[in-house]
Amino acid sequence: MTLPLRPVSTVGALADALRSRVLSGEIEPGTPLPEQEIAASYRVARPTVREALAILVHEGLLRRERNRSAYVPEVTISDLNDLMYVRRPLEDLMAQAMAGQRAPRAEAALHRMAALPLDAPWSETVAEHMALHEALIEAVGSPRLERLYGVLAAETRLGLVRLREIYQDRDVLVREHRELLDAIADGPEDAARAAVAAHLGHSWGADDPARAHH
């Protein structure tokens, strides 16, 4: 017997709206997201809110603890530097494999980033930024590399919220990624690896005493 499909459009739309607010920095880390307030604000039922929040918790963009509303986790500079400690060798493997090649999906993500309107929410830049780096990893063709990289996705996306401070002119971000993709495609391997290492050496922004990723 075929079971009827549950309508999920409202849940998905609410999850999209909340995700955009989180990744645009509108909802600050630590800010509680009470179900009742969200339900009233968006004029939806509390079970819908609960399901939407569960999606974002599963994605790692929200955290939920017992007897506490869901909230955006704080990702500190120390967290981000540790994140990069793990990301660097993964992206170095990508550079070794992709030197001398182009990744069409990464090129497409960069094109979409460049085409965003000036007033586009920062969350859209975050989405294309992540899509570009994930496309480079996927182009290697290693399922295990993809899985390892995917584990870091939520913290990376939350970290990218900080970059609004640095890249108020999005054209600078686009140009840096254009240079990265060209350096990988032009090769040779040593040059591609050096370009990736340099790309991952930019500051996370305010109060960053070290160097980290953009």
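Residues numbered from 1 in each chain as written. Predicted model: local features only at pLDDT ≥ 70, side-chain atom pairs only at ≥ 80, totals over all residues. Heavy atoms only, no water.

The name an unreviewed UniProt entry assigns to the protein chain is GntR family transcriptional regulator, from the organism Nonomuraea turkmeniaca.

**Quick look at the packing of aromatic side chains**
Under the counting rule described, the total for this entry stands at 0 aromatic pairs. One residue, Arg-68, lies across the ring of Tyr-71, its end atom 3.7 Å from the ring centre. (Phe/Tyr/Trp six-rings, centres within 6.5 Å; stacked < 30°, edge-to-face > 60°. Lys NZ or Arg CZ within 6 Å of the ring centre and 35° of its normal.)

**Re the nonpolar core**
The biggest cluster of nonpolar side chains holds 55 residues, and the ones touching the most others in it are Leu-53, Leu-62 and Leu-136. Considering every element that reaches this core, the biggest residue donor is helix H4 (residues 77–98), with 8 residues. Mapped onto the domain boundaries, this core takes at least three residues apiece from domain 1 (10–72) and domain 2 (77–200). Ignoring any residue separated from it by four or fewer positions in sequence, one finds Leu-62 in contact with Val-22, Leu-33, Leu-53, Leu-56, Val-57, Ala-70, Tyr-71, Val-72 and Pro-73. (Core = buried A, V, L, I, M, F, W, Y, C linked by side-chain atoms within 4.5 Å. Buried < 20%, exposed > 50% of the residue type's maximum accessible area, 1.4 Å probe, protein only. Helix = DSSP H or I, 4+ residues; strand = E, 2+ residues; numbered from the N terminus. Domains from an automatic or database assignment. Contact = heavy atoms within 4.5 Å.)

**Examining the pattern of salt bridges**
Pairing is possible between side chains that carry opposite charge, provided their charged atoms lie close to one another. Counted by the stated rule, this structure contains 17 salt bridges. Notably, a salt bridge pairs Arg-21 with Glu-26, separated by 3.1 Å at the nearest N-O pair. For Arg-21, a relative accessible area of 26% gives the class partly exposed. We note a salt bridge from Glu-189 to Arg-193, for which the minimum N-O separation is 3.8 Å. Here Arg-193 and Glu-189 lie together in helix H10 (residues 189–199), a separation of 4 residues that amounts to about one turn. A relative accessible area of 36% means that Glu-189 is categorised as partly exposed. Ionic contacts of the salt-bridge type, sharing partners, join the residues Asp-16, Arg-19, Glu-59 and Arg-157 into one network. (Salt bridge = Lys/Arg side-chain N within 4 Å of Asp/Glu carboxyl O.)

**Points about the domain arrangement of the protein chain**
Looking at the protein chain, the domain boundaries give domain 1 (10–72) and domain 2 (77–200). Computed over C-alpha atoms, the centres of domain 1 and domain 2 are 27 Å apart. Opposite the 10 residues of domain 1 that make contact, domain 2 presents 9 residues. Both faces combined, the contact of domain 1 with domain 2 buries some 770 Å², and carbon together with sulfur accounts for 59% of it. (Buried area = accessible area lost by both parts, 1.4 Å probe.)

**Digging into a negative patch on the surface**
A contiguous patch of negative charge, built from Glu-74, Asp-79, Asp-82 and Glu-155, is present on the exposed surface. Within the element layout of this structure, Glu-74 appears in the loop between strand E2 (70–71) and H4. (Patch = residues over 30% accessible without salt bridge, like charges linked within 9 Å, V, L, I, M, F, W, Y side chains within 5 Å. Areas by Shrake-Rupley, 256 points an atom, 1.4 Å probe, with all protein chains shown as cover. Lys, Arg positive; Asp, Glu negative; His and termini not counted. Charge placed at Lys NZ, Arg CZ, Asp CG, Glu CD.)

**Here we look at helix H8 (residues 153–160)**
Of all 8 residues in H8, 7 are buried, a share of seventy percent or more. Of the positions making up H8, those classed as buried are Ala-153, Ala-154, Thr-156, Arg-157, Leu-158, Gly-159 and Leu-160. Of the surrounding elements, those touching the buried residues of H8 are helix H1 (9–23), helix H3 (46–59), H4, helix H6 (122–140) and helix H7 (143–151).

**Considering the environment of Val-161**
By the secondary structure assignment, Val-161 is in the loop between H8 and helix H9 (170–186). Note on Val-161: relative accessible area 13%, which makes it buried. Contact partners of Val-161, with chain neighbours within four places excluded, come to Val-22, Leu-23, Ser-24, Gly-25 and Trp-122.

**Observations regarding empty space enclosed by the protein**
With the rule as written, the count across this model stands at 1 cavity of 30 Å³ or more. Here the largest cavity defines a volume of roughly 40 Å³. Forming the boundary of the largest cavity are Gln-101, Arg-102, Ala-103, Ala-106, Glu-107, Leu-136, Leu-181, Ile-184 and Ala-185. The element contributing the most residues to the lining of the largest cavity is H9, with 3 residues. When its residues are assigned to classes, the lining of the largest cavity shows 6 nonpolar, 1 polar and 2 charged. (1 Å grid on protein atoms, 1.4 Å probe; cavity = no way out; pocket = protein on both sides within 12 Å on 5 of 7 lines; lining within 4 Å. Points joined across faces, edges and corners; volume = space filled by probe spheres on them. Nonpolar A, V, L, I, M, F, W, Y, C, P; charged D, E, K, R; others polar.)

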